[in-house]
Number of protein chains: 2
Amino acid sequence: MEASTRTHREVVARFWERMSAADWEGVAGLLADDFVAEWPQSAERIRGRAAFVAVNRHYPGSWAIAVRRVVADGDRVATEVGMTDRTGERASVVAVSFFELRDGRIARETDWWPEPYAAPAWRSRWVEPIPGEDARLPAPPAAT
Amino acid sequence: MEASTRTHREVVARFWERMSAADWEGVAGLLADDFVAEWPQSAERIRGRAAFVAVNRHYPGSWAIAVRRVVADGDRVATEVGMTDRTGERASVVAVSFFELRDGRIARETDWWPEPYAAPAWRSRWVEPIPGEDARLPAPPAAT
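Residues numbered from 1 in each chain as written. Chains lettered and ligands numbered in written order. Predicted model: local features only at pLDDT ≥ 70, side-chain atom pairs only at ≥ 80, totals over all residues. Heavy atoms only, no water.

### Regarding unusual backbone geometry
Here is the rule we go by: Each helix is a run of H or I in the DSSP string that is no shorter than four residues. Each strand is a run of E no shorter than two, and both are numbered from the N terminus.
Residue A22 of chain A is not a glycine yet carries a positive backbone phi of 55°. Tracing the sequence through the fold places A22 of chain A in the loop between α1 (3-20) and α2 (24-28). Even without glycine at this site, D103 of chain B takes up a positive phi of about 50°. Relative to the assigned elements, D103 of chain B resides in the loop between β5 (93-102) and β6 (105-112).

Pasting the structure below:
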């Protein structure tokens, strides 16, 4: 692995660590001056470190973040992280992210937020359940 | 970039090309004998080439697939692809995937399917719209 790839992997690991610690100053120090984040599902673009920190500071919940996958390739890094709300009030979520780095800092981030859904019946004959993962599905409405 | 990384990147590019062509024999030839796919959002696991091909053969729609991002790192490859239904009956979707390769074939694939959602109002002061992306959001219900 090239030295830059190794460094970029470490910068992104540090980013998620500082995000999990809600250390916004530490997060901002890892971002390029012209940092841009994009959340394509909601067509939202966050331009600049200050705006990114503001959104995260105001984000409802207190999120413990665990990195589950990292793929690093030159100035590109992809991650899958699990986020658990320390208050217990919100369901856990997964974020899949693509980072672009420049001069050792994160210049661009694109985040995807996949949500649980019910497995459709038409393909059930070719599929088996993943043990434990069904706990991520929202509970069915209580019988009344 | 190491030779194996380059090869793995090409195998995954070829996988999406053959998926887009609905060439199921071509797809199966790129998969390891003990291939496993996982769709964690619905807690579904697809074990084996035959089951994977059957699910894709029966999947509703005819999907043209365009690779938008590739990050390759040794035996790990991450991709973001856009899928458009050639029949025009279904909304375009995005898939984010993590692949693990072994001996030049895909041994494991994890797919995430993020869906559009409305941008929440609380963060609008720090956010700008991404031009064009809002077309992916479902149309609001018609006034009656």
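Continuing now.
### Considerations on the relation of the copies chain A and chain B
As a reminder, the rule being used: To superpose the copies, least squares is applied to the C-alpha atoms of every residue with a pLDDT of at least 70 in both. What makes two residues a contact is simply this: any of their non-hydrogen atoms within 4.5 Å.
Least-squares fitting of chain A to chain B yields an RMSD of 0.0 Å, with the transformation described by 0.0 Å of translation along the axis and a rotation of 180°. Considering both components of the superposition, the chain copies are consistent with a two-fold axis. The position closest to the rotation axis in chain A is occupied by the C-alpha of P114 of chain A, lying 2.1 Å away. Mapped onto chain B, 100% of the interface residues of chain A are again interface residues, and the two copies thus contact each other with one and the same surface.

### Overview of the pairing of β6 of chain B
Residue and element names in this part refer to chain B. To keep things clear, this is the line we draw: Under the scheme applied here, a residue whose accessible area is under 20% of the maximum for its type counts as buried, over 50% as exposed, and between as partly exposed, the area being computed with a 1.4 Å probe on protein chains only. Strands qualify as paired when DSSP identifies two bridges or more between them.
Within β6, six of the eight residues are buried, leaving the element largely enclosed by the surrounding structure. Looking at chain direction, strand β1 (residues 31-39) and β6 are connected through four bridges and run parallel. If you follow L31 over to β6, its bridge partner there is I106. Note: β5 against β6, seven bridges, orientation antiparallel. Bridging from a neighbouring strand, V96 pairs with W112 of β6. Connecting β5 to the antiparallel partner β6 that follows it, the hairpin turn spans two residues, and D103 within it adopts a positive phi of roughly 50°.

### A few points about empty space enclosed by the protein
Empty space among the atoms can be located by rolling a probe the size of a water molecule over them. Quick note on the threshold: The rule is simple: put a 1 Å grid over the protein atoms alone, call a set of points where a 1.4 Å probe fits but cannot get out a cavity, call an open set with protein on both sides within 12 Å along at least five of seven lines a pocket, and count a residue as lining if it has an atom within 4 Å of a point. Grid points are joined across faces, edges and corners, and a volume is the space filled by probe spheres set on the points.
Scanning all chains against the criterion turns up one cavity of 30 Å³ or more. As a volume, the largest cavity reaches approximately 50 Å³. Of all elements in the fold, only β3 (63-73) of chain A together with β4 (76-85) and β5 of chain B reach the threshold of two or more residues within the lining of the largest cavity. Ranked by the residues each element gives to the lining of the largest cavity, the list is headed by β5 of chain B, at three residues.

### Looking at the pairing of β1 of chain B
Walk down a regular strand and you will see the side chains alternate between the two sheet faces. Residue and element names in this part refer to chain B. With respect to burial, β1 is a largely interior element, seven of its nine residues being buried. Across four bridges, the pairing between β1 and strand β2 (residues 44-47) is antiparallel. Bridged to A37 within β2 is I46. Connecting the antiparallel pair β1 and β2 is a turn made up of four residues, with A43 showing a positive phi of about 55°.

### Examining the interface of chain A and chain B
Defined as follows: Summed over both partners, buried area is the accessible surface (1.4 Å probe) that two parts give up on being assembled. What makes a salt bridge here is a side-chain nitrogen of Lys or Arg within 4 Å of a carboxyl oxygen of Asp or Glu, nothing more. Polar contacts, as counted here, are pairs of nitrogen or oxygen atoms within 3.5 Å of one another; within protein the pair requires one atom able to donate a hydrogen and one able to accept it, and residues that are adjacent in sequence qualify only if both atoms are side-chain atoms. Gly is put with the polar residues, along with every residue not named as nonpolar or charged; the nonpolar set is Ala, Val, Leu, Ile, Met, Phe, Trp, Tyr, Cys and Pro, and the charged set is Asp, Glu, Lys and Arg.
Counting residues at the interface gives 56 residues for chain A, matched by 56 residues for chain B. Summed over both partners, the interface of chain A with chain B comes to about 4800 Å²; 62% of that surface belongs to carbon and sulfur atoms. Run the count over chain A and chain B and you get ten salt bridges. Between R123 of chain B and E44 of chain A there is a salt bridge; the shortest N-O distance is 2.6 Å. At the junction of chain A and chain B, the tally comes to 22 residue pairs in polar contact (both at pLDDT 80 or more). Secondary-structure elements contributing two or more residues to the side of chain A that touches chain B are β1 (31-39), β2 (44-47), α3 (49-58), β3, β4 (76-85), β5 (93-102), β6 (105-112) and β7 (128-129) of chain A. Top element by residues in the side of chain A that touches chain B is β3 of chain A. It accounts for six residues. For the side of chain A that touches chain B, a count of residues per class yields 33 nonpolar, five polar and 18 charged. Pairing between β2 of chain A and strand β7 (residues 128-129) of chain B: two bridges, direction antiparallel. Within β7 of chain B, the position partnered with R45 of chain A by the bridge is E128 of chain B.

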